Amino acid sequence: MFWLLGGSLLKAAERLEVEFEGMTIPISIQELADWGRSKKNYRSELASWLNLLDLESRADVVKLLKAPLLKDRSMARQMLRSWVGRQLLDEVSDLVRLDEDSSGERVFLTLESMLENQPQVTTLDLLEALPAEKIHLDLDALLELATRWRNELKTQQELLLALGKLPLAEATVFEEEANVTKSSEPRLEKQSLDVRHRSEPLLLEVWHPAEEIQLKSSWIVFMPGLGGSQEHFRWLARSLSREGWSVVVLEHPGSDANAVQALLEGRRPVPGAEVLPDRLDDLNSVLLAKNLGLLKVPGEKVVMMGHSLGALT
């Protein structure tokens, strides 16, 4: 961090410069924080101007200042380190300069450091902690970016609605699968496994190669990602089983498709790193069941496969 900050430790910024409609407006960060957090009539030059806003607009400004930028610490830290997180930081860092630095590195390091010590970070928290002499915010460009993101999300939502209205059609057989006979098709077996770490049995899909297929010396255990389900990967399990692999596909309650549906309906928060221990226990239970003969699949060695969060597990 010392090296990235240019070889010297900088104190937190005192001034926020907001570029808006061709004007640059200097704002004291301390006064802004005091006004945003004050429950009584706070008096300052900045407060005099902000208090001229109507009650609804004033409440919106306070809500913006106090709103958590990152609500879930474990998921936020994963997101910041991910490719998507860095792309978001890159886009926003062009609009938020610390002195003359627009790389976004200081913003990234400050957020990571703050998440080490507190469960969430608000706009005010970040403004008060950023190491620079001044923070320059291009509000015009930020509003333009927010509008573009909003329009893109709206387009995606419309496409998903249109997709949901499409009539279901009969699946087309791929050309390379045209010669596959029913006798050579793998057999799907659904099995439940009682485990100590879950209140309900763990549900498994076990794919057995057809009898005439030469078996591989290893078997495969596959773990879907966040929001993934067994149905999403049947095409893969079936294809692998046709090649002689025995495949066991796990279902991970708490971070599966049902969990994401509950998230979208507002019935639960975003699953974070806290689901990893249960996922690891799911995997360990399957391996143990195989060793004890409770899971009847041939093969001495195991190949572990996963998609996204399943790969991380």
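### A short note on the pairing of strand S6 (residues 134–138)
Here is step 1 of the chain: Extensive coverage of S6 is indicated by the burial of four of its five residues.
Here is step 2 of the chain: As defined by bridge partners, strand S1 (residues 15–20) adjoins S6 across five bridges and the pair is classed as parallel. Within S6, the position partnered with Val 18 by the bridge is Leu 137.
Here is step 3 of the chain: Inspection of the sheet shows strand S4 (residues 96–98) paired to S6 by three bridges, in the antiparallel sense. Following the sheet pairing, Arg 97 is matched in S6 by His 136.

### Some points on the sheet that holds strand S7 (residues 187–193)
Here is step 1 of the chain: The strand order across the open sheet built from five strands is S7-S8-S10-S9-S11, with neighbouring strands paired in mixed fashion. In this open sheet, the two edge strands, each paired with only one partner strand, are S7 and strand S11 (301–306). Between one strand axis and the next, the sheet turns by 25° as a mean value, whatever way the strands run.
Here is step 2 of the chain: Those strands touched by helix H9 (residues 234–242) are S7, strand S8 (202–208), strand S9 (218–223), strand S10 (246–250) and S11, and its axis lies near 40° from that of S8.

### Examining the layout of surface pockets
Here is step 1 of the chain: Counted as a void, the largest pocket has a volume near 2,000 Å³.
Here is step 2 of the chain: Ranked by the residues each element gives to the lining of the largest pocket, the list is headed by helix H8 (residues 139–164), at eight residues.
Here is step 3 of the chain: Considering only residue class, the lining of the largest pocket consists of 37 nonpolar, six polar and four charged.

### Observations concerning the pattern of salt bridges
Here is step 1 of the chain: Scanning the entire structure with this criterion turns up 10 salt bridges.
Here is step 2 of the chain: The salt bridge involving Asp 125 is made with Arg 37; its shortest N-O contact spans 3.4 Å. With a gap of 88 residues between them, Asp 125 in helix H7 (residues 123–129) and Arg 37 in helix H1 (residues 29–37) connect regions that are remote in the sequence.
Here is step 3 of the chain: Using a relative accessible area of 38% as the deciding quantity, one classes Arg 37 as partly exposed.
Here is step 4 of the chain: Here Arg 242 makes a salt bridge to Glu 185, at a shortest N to O gap of 2.8 Å. One end of the pair, Arg 242, is in helix H9; the other, Glu 185, is in the loop between H8 and S7, and 57 residues separate them in sequence.
Here is step 5 of the chain: For Arg 242, a relative accessible area of 18% gives the class buried.
Here is step 6 of the chain: Several salt bridges share partner residues, and in doing so they unite Arg 37, Asp 125 and Glu 128 into one network.

### Description of the packing of aromatic side chains
Here is step 1 of the chain: The full count for this structure, using the stated rule, is one aromatic pair.
Here is step 2 of the chain: Judged by centre distance (4.7 Å) and plane angle (50°), the rings of Phe 222 and Phe 233 are tilted. Placement of Phe 222 in strand S9 and of Phe 233 in the loop between S9 and H9 is noted, with a sequence separation of 11 residues between them. The same class applies to Phe 222 and to Phe 233, which are both buried.

### Quick look at empty space enclosed by the protein
Here is step 1 of the chain: If you walk through the whole model with that rule in mind, you get one cavity of 30 Å³ or more.
Here is step 2 of the chain: Roughly 40 Å³ of volume is contained in the largest cavity.
Here is step 3 of the chain: Along the walls of the largest cavity sit Ser 93, Val 96, Leu 98, Asp 101, Ser 102, Ser 103, Gly 104, Glu 105, Arg 106 and Val 107, which together make up its complete lining.
Here is step 4 of the chain: Contributing elements (two or more residues each) for the lining of the largest cavity: S4 and helix H6 (105–117).
Here is step 5 of the chain: In terms of residue count, H6 provides more of the lining of the largest cavity than any other element does, three residues in total.
Here is step 6 of the chain: The class makeup of the residues in the lining of the largest cavity is three nonpolar, four polar and three charged.

### A few points about helix H11 (residues 276–291)
The periodicity of an α-helix, 3.6 residues per turn, causes residues three or four places apart in sequence to face the same way.
Here is step 1 of the chain: When the terminal C-alpha atoms of H11 are compared, their 23 Å separation across 16 residues agrees well with the 22 Å that a helix rising 1.5 Å per residue should span.
Here is step 2 of the chain: Looking at the buried side of H11, the elements it contacts are S7, S8, S9, S10, S11 and helix H12 (309–312).
Here is step 3 of the chain: A positive phi of about 85° marks Gly 293, the residue just after H11.

### Remarks on a nonpolar patch on the surface
Here is step 1 of the chain: Judged by side-chain polarity, Leu 160, Leu 163 and Leu 166 come together as a nonpolar surface patch covering roughly 340 Å² of accessible area.
Here is step 2 of the chain: With respect to the helices and strands, Leu 166 occurs in the loop between H8 and S7.
Here is step 3 of the chain: Looking at Leu 166, the relative accessible area reads 53%, which means it is exposed.

### Some points on the nonpolar core
Here is step 1 of the chain: In terms of nonpolar packing, the biggest core is built from 29 residues, with Leu 16, Leu 32 and Ile 135 touching the most fellow members.
Here is step 2 of the chain: Sorting the residues of this core by element identifies S1, H1, helix H2 (45–50), S4, H6, H7 and S6 as the ones contributing at least two each.
Here is step 3 of the chain: In terms of residues, this core owes the most to one element, H6, which gives six residues.
Here is step 4 of the chain: The residues contacting Leu 16, other than those within four sequence positions of it, are Ile 25, Pro 26, Ile 27, Ile 29, Leu 32, Leu 127, Ile 135 and Leu 137.
Here is step 5 of the chain: Judged by nonpolar contacts, the second largest core, of 15 residues, contains Leu 204, Met 223, Leu 283 and Val 297.

What counts, and where the lines are drawn
Residues numbered from 1 in each chain as written. Predicted model: local features only at pLDDT ≥ 70, side-chain atom pairs only at ≥ 80, totals over all residues. Heavy atoms only, no water. Buried < 20%, exposed > 50% of the residue type's maximum accessible area, 1.4 Å probe, protein only. Helix = DSSP H or I, 4+ residues; strand = E, 2+ residues; numbered from the N terminus. Pairing = 2+ DSSP bridges. Axes fitted to C-alpha atoms, helices over the stretch in contact; angles between N-to-C directions. Contact = heavy atoms within 4.5 Å. 1 Å grid on protein atoms, 1.4 Å probe; cavity = no way out; pocket = protein on both sides within 12 Å on 5 of 7 lines; lining within 4 Å. Points joined across faces, edges and corners; volume = space filled by probe spheres on them. Nonpolar A, V, L, I, M, F, W, Y, C, P; charged D, E, K, R; others polar. Salt bridge = Lys/Arg side-chain N within 4 Å of Asp/Glu carboxyl O. Phe/Tyr/Trp six-rings, centres within 6.5 Å; stacked < 30°, edge-to-face > 60°. Expected span 1.5 Å × (residues − 1). Patch = residues over 30% accessible without salt bridge, like charges linked within 9 Å, V, L, I, M, F, W, Y side chains within 5 Å. Areas by Shrake-Rupley, 256 points an atom, 1.4 Å probe, with all protein chains shown as cover. Core = buried A, V, L, I, M, F, W, Y, C linked by side-chain atoms within 4.5 Å.

Function cannot be inferred from these measures alone, as they are strictly geometric.
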